[in-house]
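Secondary and tertiary structure notes
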Amino acid sequence: MKTIPPETETEAEESDFKPLTAQEAQQWRSRHPPLSVWKVVAGQALVGMLVALVAWVLTGRAVVGWSAAYGALAVVAPAALFARGVLRHRASSNPRAAMVGFFGWEIAKIMLTVALLAAAPRLVPGLSWIALLIGMVVAMKTYWVALLVRPGVRKTD
């Protein structure tokens, strides 16, 4: 079996890389427009309200609807906090500071989610944990739906 020296393998990998021209980069940007984080958060809030309404209508119990809404809130509020924090400092010229800020806001998001879940039994009388979890899961999965149905994405020519 023939082995390739590490230097040759690295050179082979590097030779496959071809930087884009300004025109190619512009074409790529036109095929892949950026997705607004705020649209995703708004979509999560809308889907959360729909899940709460459906839960209320299907069960006939308002507390089930409120539980599902609170579950969606436990996803949407931390996501909005994270988006605001990360977007506020995204123009940072220091990559290390940007990375630390990203992880810091992610920790804040997780802590807020845990705090909201811990407060749920006190804030929603007669809480339905199943409805709360369904509201959370559906709101979380909105991220993936937003990526799949985002407008303006065109296939390559």
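See the structure printed just above.
Let me sum up the structure you'll find in this document.

What counts, and at which threshold
- Residues numbered from 1 in each chain as written.
- Predicted model: local features only at pLDDT ≥ 70, side-chain atom pairs only at ≥ 80, totals over all residues.
- Heavy atoms only, no water.
- Helix = DSSP H or I, 4+ residues; strand = E, 2+ residues; numbered from the N terminus.
- Buried < 20%, exposed > 50% of the residue type's maximum accessible area, 1.4 Å probe, protein only.
- Contact = heavy atoms within 4.5 Å.
- Core = buried A, V, L, I, M, F, W, Y, C linked by side-chain atoms within 4.5 Å.
- Phe/Tyr/Trp six-rings, centres within 6.5 Å; stacked < 30°, edge-to-face > 60°.
- Expected span 1.5 Å × (residues − 1).
- Bend = angle between axes of the 7 residues up to and from the residue.
- Salt bridge = Lys/Arg side-chain N within 4 Å of Asp/Glu carboxyl O.
- Patch = residues over 30% accessible without salt bridge, like charges linked within 9 Å, V, L, I, M, F, W, Y side chains within 5 Å.
- Areas by Shrake-Rupley, 256 points an atom, 1.4 Å probe, with all protein chains shown as cover.
- Axes fitted to C-alpha atoms, helices over the stretch in contact; angles between N-to-C directions.
- Parallel < 35°, antiparallel > 145°, perpendicular 65-115°, else oblique.
- Left-handed = near helix turned anticlockwise from the far one by under 90°.

1. What to know about the overall build of the protein
Looking only at helices and strands, one finds six helices and zero strands in the protein. Counting from the amino terminus, the protein carries its helices and strands in the arrangement α-α-α-α-α-α. Counting the 157 residues in the protein, one finds 25% classified as buried. Counted over contacts in the protein with a minimum sequence separation of 6, partners at least 24 positions apart contribute 77%.

2. A short note on the nonpolar core
If you look at the biggest cluster of nonpolar residues, it comprises 19 residues, and the most contacted ones within it are Ala 68, Tyr 70 and Leu 132. Put simply, the parts of the chain that give this core at least two residues each are helix H3 (37-59), helix H4 (62-88), helix H5 (95-123) and helix H6 (129-149). Ranked by the residues each element gives to this core, the list is headed by H4, at seven residues. Apart from the residues lying within four places of it in its own chain, the contact partners of Leu 132 are Ser 67, Ala 68, Tyr 70, Gly 71, Leu 117, Ala 120 and Leu 127.

3. Things to note about the packing of aromatic side chains
Enumeration according to the criterion identifies two aromatic pairs in this entry. Ring geometry for Phe 82 and Phe 102: centres 5.3 Å apart, planes at 75 degrees, overall edge-to-face. With Phe 82 in helix H4 and Phe 102 in helix H5, this pair connects stretches of sequence that are 20 residues apart. Since its relative accessible area comes to 15%, Phe 82 is described here as buried. Ring geometry for Phe 102 and Phe 103: centres 5.5 Å apart, planes at 85 degrees, overall edge-to-face. With a relative accessible area of 38%, Phe 102 lands in the partly exposed category. Taking the relative accessible area as the measure of exposure, Phe 103 reaches 47% and is therefore partly exposed. Through a chain of ring-to-ring contacts, the aromatic side chains of Phe 82, Phe 102 and Phe 103 assemble into a single cluster.

4. With respect to H5
With 29 residues, H5 ought to run about 42 Å at 1.5 Å a step, and its terminal C-alpha atoms sit 40 Å apart, in line with that. The largest bend in H5 amounts to roughly 25 degrees and is located at Leu 117, with the proline Pro 121 lying one to four residues further along. Considered for burial, the residues of H5 that qualify are Lys 109, Thr 113, Leu 116, Ala 119 and Ala 120. Contact partners of the buried residues in H5: H4 and H6.

5. So, the pattern of salt bridges
A complete count under the given rule lists two salt bridges for this structure. For Lys 18, the salt bridge identified is with Glu 24, shortest N-O distance 3.5 Å. Its relative accessible area of 57% is what places Lys 18 among the exposed residues. Linking Glu 106 and Lys 109 is a salt bridge whose minimum nitrogen-to-oxygen distance equals 3.8 Å. Linking Glu 106 with Lys 109, this pair stays in helix H5, spanning three residues, or about one helical turn.

6. Description of a nonpolar patch on the surface
Together, Met 99, Val 100, Phe 102 and Phe 103 give the surface a local cluster of nonpolar side chains, amounting to about 400 Å² of exposed area. Assignment of secondary structure puts Phe 103 in helix H5.

7. Observations concerning the packing of H4 against H5
Running from N to C, H4 and H5 cross one another at 155 degrees; their axes reach a closest spacing of 9 Å. In this view, H4 runs roughly antiparallel relative to H5, as classed from their interaxial angle. At the point where H4 passes H5, the crossing takes the right-handed sense. Listed contacts from H5 to Tyr 70, Leu 73, Ala 74, Ala 77, Pro 78, Ala 79, Leu 81, Phe 82, Gly 85, Val 86 and Arg 88 of H4 are Phe 102, Trp 105, Glu 106, Ala 108, Lys 109, Leu 112, Thr 113, Leu 116, Leu 117, Ala 119, Ala 120 and Leu 123.

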